[in-house]
Each structure stands twice: as structure tokens, then as C-alpha cells.
Amino acid sequence: MQFVPLQLKEVCLIKPKQLDDVRGFFLESYHKQRFAENGIFDEFVQDNHSRSAKGVLRGLHFQAAPHGQGKLVRVVRGAVFDVAVDIRKDSPTRGQWVSEVLSEENKYMLYIPPDFAHGFCSLAEDTDVVYKVSEHYFSEYDRGVLWNDPEINIQWPVLDVAYRFSEKDKNNPLLKDI
């Protein structure tokens, strides 16, 4: 695996090594020791799987302390524009974001640490996103930031379909209000 720190150095793009042959392919999607050697020490406790139609925008989500979740995100079908936003109160990079396209073709994964908001926009029909989290889900700590907060100014992709949101995501607060 290749671990590539992004502009927000706590966020890491992971490029697994893929072995192809006449049967198909094989890759490791998680290896505890290799992750630890690259500064990712999270113990993942839960796997999640979502399916989204093209244009579905989910996020920006996070789980508040003391139950912050680190996430290891990958796409097994389709493609997403995946985003991590630094929401740490005293961080010099608060409000900054990074993005990567994750797809079934490139098989890239994105590690997003606790105290970062996460969101994605589905770029293809029937996109399946699977992700590991380092803390169980607690509804009372479930939080979000508005996807189009002007302070963050994420440059979401222009699609040939309208964005689709949950009611919750349409009404998330601005970063300055969390």
C-alpha cells in the first residue's frame, strides 16, 4: 500500500497494491501494522455501507467528542467526490478541506481522522461506499456542517443532474455555529 498525506496532513490517501490475473484481482483493503507504521492507529469497530444514486450529496457529517469517529472510506462500485474538512476549534487549518475522487476503478481509500467532517457526492448511479469507523454510532453525538458553507467554500463537482440531499443535511449549521 502507498500512503499519501494530503494538504491537511492528518488526512491520508491510501493506494492499495492490486494484483491482477486471469481470475480477477486481489488487494488488501486494511492491514493494521501497515496503517500504524503510517500514523493511523485507529481501532476500527464498525463497518458501514451506503448506496447512492448519481448526484446524492451526503454530509458534511461528524460525531462529536467524546465519540469522534475516524473513518476509512472506499468505493466498491461507482465513484464519489470525497471531502474531509478540518473542524477542530483551535486548528490553524480550521475550515480547510481536501478532496479526492474514490472509485471502483482506482480503488483508492481515504482516511479521515476524528474531528474532521466528512461528505461525498456520488458521481455515478448506484455508487456503493463502504467505510470503517473507529467509534460506534451514537445518535446524540451525530452532528453536521452545511455542505455549501461559504466559509469552507468546497468546490463540489458540476453534474448533469441536480444534487439530492436528506432533510437533515439541507439544514446543517454553518461551521461558525458549531
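Residues numbered from 1 in each chain as written. Predicted model: local features only at pLDDT ≥ 70, side-chain atom pairs only at ≥ 80, totals over all residues. Heavy atoms only, no water.

### Notes on the pattern of salt bridges
Working step 1: What the rule picks out here adds up to eleven salt bridges.
Working step 2: A salt bridge links Asp160 to Lys54, with the nearest nitrogen and oxygen atoms 2.9 Å apart. Here Asp160, found in the loop between β13 (142-144) and α2 (167-170), pairs with Lys54, found in the loop between β5 (46-52) and β6 (57-63); they are 106 residues apart in sequence, far enough to count as distant.
Working step 3: Three or more residues joined by partner-sharing salt bridges are found here, namely Glu10, Asp86 and Arg88. (Salt bridge = Lys/Arg side-chain N within 4 Å of Asp/Glu carboxyl O. Helix = DSSP H or I, 4+ residues; strand = E, 2+ residues; numbered from the N terminus.)

### Overview of the pairing of β6
Working step 1: Taken across its seven residues, β6 has five buried, putting it largely inside the fold.
Working step 2: When β6 meets strand β11 (residues 116-122), the two strands line up antiparallel, connected through three bridges. If you follow His61 over to β11, its bridge partner there is His118.
Working step 3: By the bridge criterion, three bridges tie β6 to β13 in an arrangement that is antiparallel. (Buried < 20%, exposed > 50% of the residue type's maximum accessible area, 1.4 Å probe, protein only. Pairing = 2+ DSSP bridges.)

### Overview of the sheet that holds β11
Working step 1: Taken together, five strands build an open sheet; the order of strands is β9-β8-β11-β6-β13 and the sheet is antiparallel. In the strand order of this sheet, the two ends are held by β9 (97-103) and β13, each with one partner. Each adjacent strand pair in this sheet contributes to an overall mean axis angle of 30°, direction not counted. (Axes fitted to C-alpha atoms, helices over the stretch in contact; angles between N-to-C directions.)

### What about the nonpolar core?
Working step 1: Core analysis: the largest hydrophobic core is formed by 17 residues, its most contacted members being Leu60, Val85, Ile154 and Trp156.
Working step 2: Secondary structure elements with two or more residues in this core: β6, β8 (79-86) and β11.
Working step 3: Among all residues touching Ile154, those that are not within four sequence positions of it are Leu60, Phe81, Val83, Val85, Trp97 and Trp147.
Working step 4: In terms of nonpolar packing, the next biggest core, distinct from the first, is built from 15 residues, Val73, Leu102, Phe116 and Phe120 among them. (Core = buried A, V, L, I, M, F, W, Y, C linked by side-chain atoms within 4.5 Å. Contact = heavy atoms within 4.5 Å.)

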